[in-house]
Amino acid sequence: MAASRPVPFMSDPSPPYRGRFAPSPSGPLHFGSLIAATASYCQARQQQGQWYVRIEDVDEPRTVAGADSLILHALEAFGFQWQGEVVYQSRRKALYQDALHSLIAQNKVYACDCSRQQIRQSAQSGELGYIYPGHCRNNPASLDGEYALRLRVDNKPVFFEDTILGHQQQNLAEELGDFVIRRRDGLFAYQLAVVVDDALQGITDIIRGADLLDSTPRQIYLQRLLGYPTPSYAHLPLAINARGIKLSKKAGAAAININNPVPELFASLQFLGQQPPNALQQGDLHSLWQWAIEHWSLEKIPAEKQQLFAAP
Ligand code: GLU
Ligand code: ZN
């Protein structure tokens, strides 16, 4: 007789867990991005979900040739295992164009020919930068011209519950104004590309650095206009150095040492509040991963937007 297996309920609406790591190839993997990779990977593995890697090279002028392979090699050396092919944003423009068309059809998009200087002189500045005052809202300029395209936003708050940081809200009109979804140089903005990719890849859970916390309401707003589901969001404390500066490629953070991954992964787990036992520092990579996935807990991650990181 066949062993009885649990039968899934036909009405079970929750999709399988899908997480992702989405580095921008502007330099090699550094400690700040290793933290995001580690957290999203451990959560996906613990949930028996899938984990994808996407190279976010939508901002072509900022892309450094060869940085994508450095990042992928580093991930391999650290023992990350991803699902399927790595996705490159630079190859997905037709998908972003489709989303843009849908927003245009909803009369949500207009061309903006303001210069930076005009905006600087007339706009108030908020915490996120200048609040675009909507000069061009009734601009008849063609959407096909060499102009930035902005998305009309609502004057009401967007709410979400961050799994780590708790309740968040932002009023896009008051704090940001209509924002750019396609740049004057014709490139799509990160905000649009990431929303399309997360939806089309079926990502259910996003775990990333708190530097993107402020972007999440824009992304949720776009998801609603495009008819996409909103994934769950968890934002990790940002690693800063003793001078209060974010560890990033821009700030010249050293690339991680891929020839000796154990101490780096150990430091990343420690940073994430997981308290790995010291003995694992002398062990092998496999044992460290095994411990990390088995003991992984999002609840142990400090609910802070920043956290000091002293290099090991
Ligand atoms: N590509 C972005 C970065 O490297 C991350 C985007 C995301 O995780 O949504 O900062
Ligand atoms: Zn304008």
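Within any chain, residue numbers begin from 1 and follow the written order of that chain's sequence. Here the convention is simple: chains get letters from A, ligands get numbers from 1, in the order in which they are written. In keeping with the predicted nature of the model, local features appear solely for residues at pLDDT of at least 70, side-chain atom pairs appear and are counted solely at 80 or more, and the whole-chain, interface and lining totals rest on all residues. Side-chain numbers here rest on the full set of heavy atoms in the structure, without hydrogens or water.

Q: I'd love a proper account of the pattern of salt bridges, names of residues and values included.
A: A carboxyl oxygen of Asp or Glu within 4 Å of a side-chain nitrogen of Lys or Arg is what we treat as a salt bridge. This structure, assessed with the given rule, holds ten salt bridges. Here Arg54 makes a salt bridge to Glu56, at a shortest N to O gap of 3.1 Å. Accessibility classification places Arg54 together with Glu56 in one group, the buried group. A salt bridge links Glu60 to Lys93; the shortest N-O distance between them is 2.8 Å. Pair noted here: Glu60 is in the loop between strand E2 (50-55) and helix H2 (67-77) and Lys93 is in helix H3 (residues 93-105), with a separation of 33 residues, a long-range link. On the basis of relative accessible area, Glu60 is assigned to the partly exposed category, the value being 34%. Salt bridges here are not isolated pairs; linked through shared partners, they connect Arg20, Arg54, Glu56, Arg92, Asp197 and Asp198. Burial classification: accessible surface area is computed with a 1.4 Å probe over protein chains only, and a residue below 20% of its type maximum counts as buried, one above 50% as exposed, and the rest as partly exposed. Where helices and strands are cited, they refer to DSSP runs of H or I of at least four residues and of E of at least two residues respectively, numbered from the N terminus.

Q: Tell me about the packing of aromatic side chains, and please be specific about residues and values.
A: Aromatic rings from Phe, Tyr and Trp, with only the six-membered ring used for Trp, were paired whenever their centres fell within 6.5 Å, and each pair was classed as stacked if the ring planes differed by under 30 degrees, edge-to-face if by over 60, and tilted otherwise. Enumeration according to the criterion identifies eleven aromatic pairs in this entry. Ring centres of Trp51 and Phe80 lie 5.4 Å apart, and the angle between their planes is 20°; on these two criteria the pair is classed as stacked. With Trp51 in strand E2 and Phe80 in the loop between H2 and strand E3 (87-88), this residue pair connects regions lying 29 residues apart in the sequence. For the pair Trp51 and Phe80, a shared accessibility class is recorded, and that class is buried. A network of ring pairs unites the aromatic residues Phe21, Tyr41, Trp51, Phe80 and Trp289 as a single cluster. The ring of Tyr88 has Arg91 sitting right over it, with the charged end atom 4.2 Å from the ring centre. Against the face of Phe179 rests Arg218, its NZ or CZ located 5.9 Å from the ring centre. Two conditions define a charge located above a ring, namely a distance within 6 Å from the ring centre to NZ of Lys or CZ of Arg, and an angle within 35 degrees of the ring normal.

Q: Give me empty space enclosed by the protein: which residues, what numbers.
A: Residues are called lining when one of their atoms sits within 4 Å of a cavity or pocket point, these points coming from a 1 Å grid over the protein atoms alone, where a cavity is a set in which a 1.4 Å probe fits but cannot get out and a pocket is an open set with protein on both sides within 12 Å along at least five of seven lines. Grid points are joined across faces, edges and corners, and a volume is the space filled by probe spheres set on the points. Under the definition given, this model contains two cavities of 30 Å³ or more. For the largest cavity, the full set of lining residues is Val58, Glu60, Gln89, Ser90, Lys93, Tyr96, Gly186, Leu187 and Phe188. When residues are grouped by polarity, Ala, Val, Leu, Ile, Met, Phe, Trp, Tyr, Cys and Pro land in nonpolar, Asp, Glu, Lys and Arg in charged, and all others, Gly among them, in polar. Its residues assigned to classes, the lining of the largest cavity comprises four nonpolar, three polar and two charged. Counted as a void, the second largest cavity has a volume near 40 Å³. Lining the second largest cavity we find Val195, Asp198, Ala199, Ile203, Gln223, Tyr228, Pro229 and Pro231. By residue number, the principal contributor to the lining of the second largest cavity is helix H6 (residues 190-200), which donates three residues. Residues of the lining of the second largest cavity, tallied by class, amount to six nonpolar, one polar and one charged.

Q: Provide a residue-level description of the packing of H3 against helix H7 (residues 216-226), including the pertinent values.
A: For any two helices packed against each other, the geometry is given by the interaxial angle and the distance between the axes. It is the contact of H3 with H7, at a shortest axis distance of 10 Å, that shows an interaxial angle of 75°. Here H7 runs roughly perpendicular to H3, going by the angle between their axes. Between H3 and H7, the residues in contact are Ala99, Ser102 and Leu103 and Leu222, Leu225 and Leu226, respectively. Every angle, taken between N-to-C directions, lies between 0 and 180 degrees, and every axis is a line fitted to C-alpha atoms, over only the stretch in contact when it is a helix. Any angle that is under 35 degrees is reported as roughly parallel, and any over 145 degrees as roughly antiparallel; angles of 65 to 115 degrees are reported as roughly perpendicular and all others as oblique. By the convention used here, residues are in contact when the closest approach between their heavy atoms is within 4.5 Å.

Q: Tell me about the site of ligand 1, and please be specific about residues and values.
A: Close to ligand 1 lie Arg20, Ala22, Pro23, Ser24, Glu56, Tyr190, Val194, Arg208 and Leu212, which account for all nearby residues. Residue Ala22 places a main-chain N or O atom 2.7 Å away from a nitrogen atom belonging to ligand 1. Think of a polar contact as two N or O atoms within 3.5 Å of one another; within protein, one of them needs to be a possible hydrogen donor and the other a possible acceptor, and neighboring residues in sequence only count if both atoms come from side chains. Between a nitrogen atom of ligand 1 and a side-chain N or O atom of Ser24, the distance comes to 2.9 Å. Per-class residue counts for the shell around ligand 1 are five nonpolar, one polar and three charged. We call a residue near a molecule or strand as soon as one heavy atom of that residue lies within 4 Å of the molecule or strand.

Q: Tell me what's going on with helix H9 (residues 285-295), and back it up with residues and numbers.
A: All buried positions along H9 are accounted for by Leu285, Leu288, Trp289, Trp291, Ala292 and Ile293. Where H9 is buried, its residues meet helix H1 (31-46), H2 and helix H8 (261-271). N-cap assignment for H9: the residue whose side-chain oxygen lies 3.3 Å from the backbone N of His286 is Asp284.

From the geometry alone we can't say anything about function, so treat these as descriptive.
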